[in-house]
Amino acid sequence: MTEANPTPERRAGLSTRCVHAGDVRDPQGAIHTPLYGHSTFAFDSTADLLDVVEGRSEGNLYTRYGLNPTIRSVEHKLADLEDAEAALAFGSGMAAEAATFLSHIKTGEHIVCLGDVYGGTFELLGENLPQLGIDTTFLTASEVDQIPSVLTDRTRIVFFETPTNPTLDVFDIAAMSQQAHAVGALVVVDNTFATPVNQNPLHHGADLVIHSATKYLGGHSDLTAGACGR
Ligand SMILES: *Cc1c(COP(=O)(O)O)cnc(C)c1O
């Protein structure tokens, strides 16, 4: 298994990492990481089970927790490609976004959303989260100079896609991060359109990076998946 952040001189090139980062050495010798479709995994002893349940060792337990070798492998690969400390995989990009927002923001707090966003994201921020008392201020790409006037002490997240879907507006991640961090807000960048091949938002000051892996990461319109890295 590849470390998430090996020292630069030991680091393989991007195309090698796209193929091999996160590889799991299969005990049967399969040349690629096998697809483990199982919900639950067996243990040799109750002590081994408790070590995993209580967090003393990394192991396979129950797939919804991500404690499944196939999921762990893709999380290590995506963390490596985004130069993230860790990544979590989800069943869709919207699942990744919903989990990210719900785990970082609570009733009474505020989100700022810049530019065009994917339709599902617009609905989540504009219709679903307000039902929980979480409100979002939307600024168009030409209004970004108004950020200082919309950031408040309730703002927890500044969210944007760059480039945006579908209008391909581009935002300066470093400049946006500087302004958001000044009020203690997290910067969450949806990097679906750029992919980690072209841009690593965490290098420019973003706190979290999200992907709809359904798009370019999957690449063949044959799966839905999402990810969040930090
Ligand atoms: C498609 C898309 C999403 C939503 O992803 P799903 O995998 O369809 O849930 C989120 N953000 C962007 C930029 C997208 O293009």
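Since the model is a prediction, treat every value here as computed from it, not as a measurement.

J.: Looking at this structure, how should I read the packing of aromatic side chains?
T.: Aromatic rings considered in pairs are described by the distance between their centres and by the relative angle of their planes. Here the structure, examined in full by the defined rule, presents 6 aromatic pairs. Centroid distance F122 to F138: 4.9 Å. Interplanar angle 55°. Geometry classified as tilted. Residue F122 is located in helix 5 (residues 119–128), and its partner F138 is located in strand 3 (residues 135–139); the two are separated by 16 residues in the primary sequence. Here F122 falls in the partly exposed class, since its relative accessible area comes to 47%.

J.: Would you mind going over the domain arrangement of the protein chain with me for this structure?
T.: Accessible area lost upon the coming together of the parts is a frequently used measure of interface size. In terms of domains, the protein chain is made up of domain 1 (1–81) and domain 2 (85–230). Taking the mean C-alpha position of each, domain 1 and domain 2 sit 27 Å from one another. Contacts between domain 1 and domain 2 engage 9 residues on the former and 10 residues on the latter. Both faces considered, domain 1 and domain 2 share a buried interface measuring about 710 Å² in area, 70% of it formed by carbon and sulfur atoms. When the buried surface of domain 1 facing domain 2 is broken down by residue, E75, L78 and L81 rank first, second and third, together holding 57% of it. Here domain 1 is connected to domain 2 by 0 salt bridges. Counting across the domain 1 and domain 2 interface gives 2 residue pairs in polar contact (both at pLDDT 80 or more).

J.: What am I meant to see in the pairing of strand 5 (residues 186–190) here?
T.: Side-chain positions along a regular strand alternate between the two faces of the sheet. Burial of strand 5 is extensive: 4 of the 5 residues sit out of reach of the surface. In this sheet, strand 5 lies alongside strand 4 (residues 155–161) in parallel orientation, the contact comprising 5 bridges. Bridge pairing in strand 5 places F160 opposite V189. In terms of handedness, the path from strand 4 via helix 7 (residues 173–182) over to strand 5 forms a crossover that is right-handed.

J.: Help me out: how do you make sense of the nonpolar core in this one?
T.: Most often, soluble globular proteins keep nonpolar side chains buried together rather than apart. One finds L114, V158 and F160 to be the most contacted residues of the largest nonpolar core, which totals 17 residues. Mapped by element, the contributors of at least two residues to this core are strand 2 (110–114), helix 6 (147–150), strand 4, helix 7 and strand 5. Sorting elements by how many residues they give to this core places helix 7 first, with 3 residues. Counting 16 residues, the second-largest nonpolar core is a separate cluster that includes L124, L129, I134 and F159.

J.: Explain the sheet that holds strand 2 here, please?
T.: Adjacent strands of a sheet pair through backbone hydrogen bonds, lying either parallel or antiparallel. Pairing within the open sheet is mixed, and its 7 strands lie in the order 1-7-6-5-4-2-3. Looking at the sheet topology across the chains shown, the edges are occupied by strand 1 (87–90) and strand 3. This sheet shows a mean twist of 20° between the axes of neighbouring strands, independent of strand direction. Where strand 6 (residues 208–212) and strand 7 (residues 226–229) come together, 4 bridges link them in antiparallel fashion. Note on strand 7: the bridge partner recorded for V209 is G229. The strands touched by helix 4 (residues 93–104) are strand 1, strand 2, strand 4, strand 5, strand 6 and strand 7; relative to strand 6, the strand with the most contacts, the crossing angle is about 155°. Those strands touched by helix 5 are strand 2, strand 3 and strand 4, and its axis lies near 130° from that of strand 3.

J.: Sorry if this is basic, but what is going on with unusual backbone geometry here?
T.: Negative phi characterises most residues that are not glycine, and trans characterises most peptide bonds. A cis amide bond links T162 to the next residue, P163, at an omega of -5°. Take P163: it is sitting in the loop between strand 4 and helix 7. Looking along the chain, the bond that leaves N165 and enters P166 is cis, with omega of 10°. As for its position among the elements, P166 is in the loop between strand 4 and helix 7. Although it is not a glycine, D83 adopts a positive phi angle of roughly 55°. Backbone geometry at L168 places phi at a positive 60°, although glycine is not the residue there.

J.: Help me understand the packing of helix 4 against helix 5 in this model?
T.: The packing of two helices is summarised by the inter-axis angle and the distance between the axes. Closest axis-to-axis distance for the helix 4/helix 5 pair is 10 Å, and the angle between their directions is 25°. As judged from the angle between their axes, helix 4 and helix 5 are roughly parallel. For the pair helix 4 and helix 5, the crossing hand works out as right-handed. Along the contact surface, helix 4 presents M94, E97, A98 and F101, while helix 5 presents G120, T121, L124 and L125.

The rules behind the values
- Residues numbered from 1 in each chain as written.
- Predicted model: local features only at pLDDT ≥ 70, side-chain atom pairs only at ≥ 80, totals over all residues.
- Heavy atoms only, no water.
- Phe/Tyr/Trp six-rings, centres within 6.5 Å; stacked < 30°, edge-to-face > 60°.
- Helix = DSSP H or I, 4+ residues; strand = E, 2+ residues; numbered from the N terminus.
- Buried < 20%, exposed > 50% of the residue type's maximum accessible area, 1.4 Å probe, protein only.
- Domains from an automatic or database assignment.
- Contact = heavy atoms within 4.5 Å.
- Buried area = accessible area lost by both parts, 1.4 Å probe.
- Salt bridge = Lys/Arg side-chain N within 4 Å of Asp/Glu carboxyl O.
- Polar contact = N/O pair within 3.5 Å; in protein donor to acceptor, adjacent residues only side chain to side chain.
- Pairing = 2+ DSSP bridges.
- Right-handed = clockwise from strand over helix to strand, strands pointing away.
- Core = buried A, V, L, I, M, F, W, Y, C linked by side-chain atoms within 4.5 Å.
- Axes fitted to C-alpha atoms, helices over the stretch in contact; angles between N-to-C directions.
- Parallel < 35°, antiparallel > 145°, perpendicular 65-115°, else oblique.
- Left-handed = near helix turned anticlockwise from the far one by under 90°.

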